[in-house]
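# Chain and residue survey
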Amino acid sequence: MPRRPRAWIDNACYHVTHRCHKREFLLKFAKHRDIYMRELWQMKQRFKIDVLDYMITSNHVHLLITARHGSDISKALQFLHGAVGQSYNKLKKRQGAFWSDRFHSTRIQNGDHLRRCLFYIDLNMVRAGAIVSPGEWEHCGIHELFGKKERYRIINMMRLLECLDFSSADEFRVWYQNTMLEKLS
């Protein structure tokens, strides 16, 4: 059974992962990952959840999230993953489970732990051998972190800066780019 917190803690950061049913590649095509991104944006609008980073792969997703009221997280994830499954099943004219069991969540401490988690998420598809650099993958938060995505932003950059203890987006971007170059070399 997947681990999850007994009770969500207010203002805490969580790394949430969720795998597709039977580890199938249900998000293999960009149009299916677009469904997830659309529903993630809807979740952000509907619930008081701050998304700090995300990665949508072909068979699982990573979210780095926080909420002022931790109890909002379960409701938001239930909405998100239910909506994604329903949209996919409707599109593909199929029935049955989209997700494998429940999501897995790990509480992430601010500071170094959060920094490591950010790179773990962003380097996921690099480790999988699908891309050479995280910016090559369209369905992830890196484009927002660098201000390249203007519309339908999902990441709350101000909250991320607060959690990482950076005073400005420029300071964060310099640090992030230098650290990423180190990790990729």
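Below, the structure is looked at part by part. (Residues numbered from 1 in each chain as written. Predicted model: local features only at pLDDT ≥ 70, side-chain atom pairs only at ≥ 80, totals over all residues. Heavy atoms only, no water.)

This part is about the overall build of the protein. Secondary structure summary: the protein contains 7 helices and 4 strands in total. If you list the helices and strands of the protein from N to C, you get β-α-β-β-α-β-α-α-α-α-α. In summary, the protein has a C-alpha radius of gyration of 16 Å against a globular reference of 16 Å for 185 residues, a match within 12%. The C-alpha extent of the protein, read off along each of the three principal axes, is 45 × 35 × 35 Å. Buried residues in the protein amount to 51% of all 185 residues. (Helix = DSSP H or I, 4+ residues; strand = E, 2+ residues; numbered from the N terminus. Rg over C-alpha atoms; globule rule 2.2 N^0.38 Å. Buried < 20%, exposed > 50% of the residue type's maximum accessible area, 1.4 Å probe, protein only.)

This part takes up the nonpolar core. Counting residues in each nonpolar core, the largest one holds 58 residues, and the members touching the most others are Tyr36, Leu40, Met43, Tyr54, Leu63, Ile65 and Phe172. Among the elements that take part in this core, helix H2 (residues 72-92) stands out by supplying 7 residues, more than any other. Beyond its immediate stretch of four places on either side in the chain, Tyr36 contacts Ile56, Val61, Leu63, Leu80, His81, Val84 and Trp99. (Core = buried A, V, L, I, M, F, W, Y, C linked by side-chain atoms within 4.5 Å. Contact = heavy atoms within 4.5 Å.)

The next subject is the sheet that holds strand E2 (residues 50-56). Through backbone hydrogen bonds, the strands of a sheet pair up, either in parallel or in antiparallel fashion. The 4 strands lie next to each other as E2-E3-E1-E4, forming an open sheet whose pairing is antiparallel. Of all the strands in the sheet, just E2 and strand E4 (104-108) have a single pairing partner and so form its edges. Taking the axes of each pair of neighbouring strands and ignoring which way they run, one obtains an average angle of 15° across the sheet. One ladder, built from 5 bridges, connects strand E1 (residues 13-19) with E4; its direction is antiparallel. In the sheet register, Val16 faces E4, and the bridge partner there is Ser105. (Pairing = 2+ DSSP bridges. Axes fitted to C-alpha atoms, helices over the stretch in contact; angles between N-to-C directions.)

This part is about the layout of surface pockets. Put simply, the largest pocket is a space of about 220 Å³. Secondary structure elements with two or more residues in the lining of the largest pocket: helix H5 (142-145) and helix H7 (169-184). With 5 residues, the single largest contributor to the lining of the largest pocket is H7. Within the lining of the largest pocket, the residues separate by chemical class into 7 nonpolar, 4 polar and 1 charged. (1 Å grid on protein atoms, 1.4 Å probe; cavity = no way out; pocket = protein on both sides within 12 Å on 5 of 7 lines; lining within 4 Å. Points joined across faces, edges and corners; volume = space filled by probe spheres on them. Nonpolar A, V, L, I, M, F, W, Y, C, P; charged D, E, K, R; others polar.)

Now for the packing of helix H3 (residues 112-122) against H7. At a minimum axis separation of 12 Å, H3 and H7 run at an interaxial angle of 60°. Viewed along their axes, H3 and H7 adopt a mutual orientation that is oblique. As H3 packs across H7, the resulting crossing turns out to be right-handed. Facing Arg115, Leu118, Phe119 and Asp122 of H3, the residues of H7 in contact are Phe172, Trp175, Tyr176, Thr179, Met180 and Lys183. The residue makeup of the contact of H3 with H7, split by class, is 6 nonpolar, 1 polar and 3 charged. (Parallel < 35°, antiparallel > 145°, perpendicular 65-115°, else oblique. Left-handed = near helix turned anticlockwise from the far one by under 90°.)

Across the 7 residues of E2, 7 count as buried, placing the element largely inside the fold. In terms of strand pairing, E2 meets strand E3 (residues 60-66) through 6 bridges, oriented antiparallel. In the sheet register, Met55 faces E3, and the bridge partner there is His62. Here E2 folds back onto E3 in antiparallel fashion, the turn holding 3 residues.

Because the α-helix completes a turn every 3.6 residues, residues three or four places apart line up on one side. The terminal C-alpha atoms of helix H1 (residues 30-46) lie 24 Å apart, and with 17 residues this matches the ideal 24 Å at 1.5 Å per residue to within 8%. For H1, the secondary structure elements touched by its buried residues are E2, E3 and H2. (Expected span 1.5 Å × (residues − 1).)

Structurally, the position occupied by Ile142 is in helix H5. For Ile142 and Leu118, which are 24 residues apart along the polypeptide, the C-alpha to C-alpha distance reads 9.8 Å.

On to the pattern of salt bridges. The final tally for this structure, using the stated rule, is 6 salt bridges. Measuring nitrogen to oxygen at the nearest pair gives 3.6 Å for the salt bridge that ties Arg115 to Asp112. Remark: Asp112 and Arg115 occur in helix H3; sequence separation between them is 3 residues, near one turn of the helix. For Asp112, a relative accessible area of 52% puts it in the exposed group. Two residues, Glu162 and Arg159, come together in a salt bridge whose shortest N-O distance is 2.8 Å. Of the two residues, Glu162 and Arg159 are both situated in helix H6 (residues 157-164); the distance of 3 residues between them amounts to about one turn of the helix. The exposure class assigned to Arg159 is buried, which follows from its relative accessible area of 5%. Salt bridges here are not isolated pairs; linked through shared partners, they connect Asp50, Arg68, Arg159 and Glu162. (Salt bridge = Lys/Arg side-chain N within 4 Å of Asp/Glu carboxyl O.)

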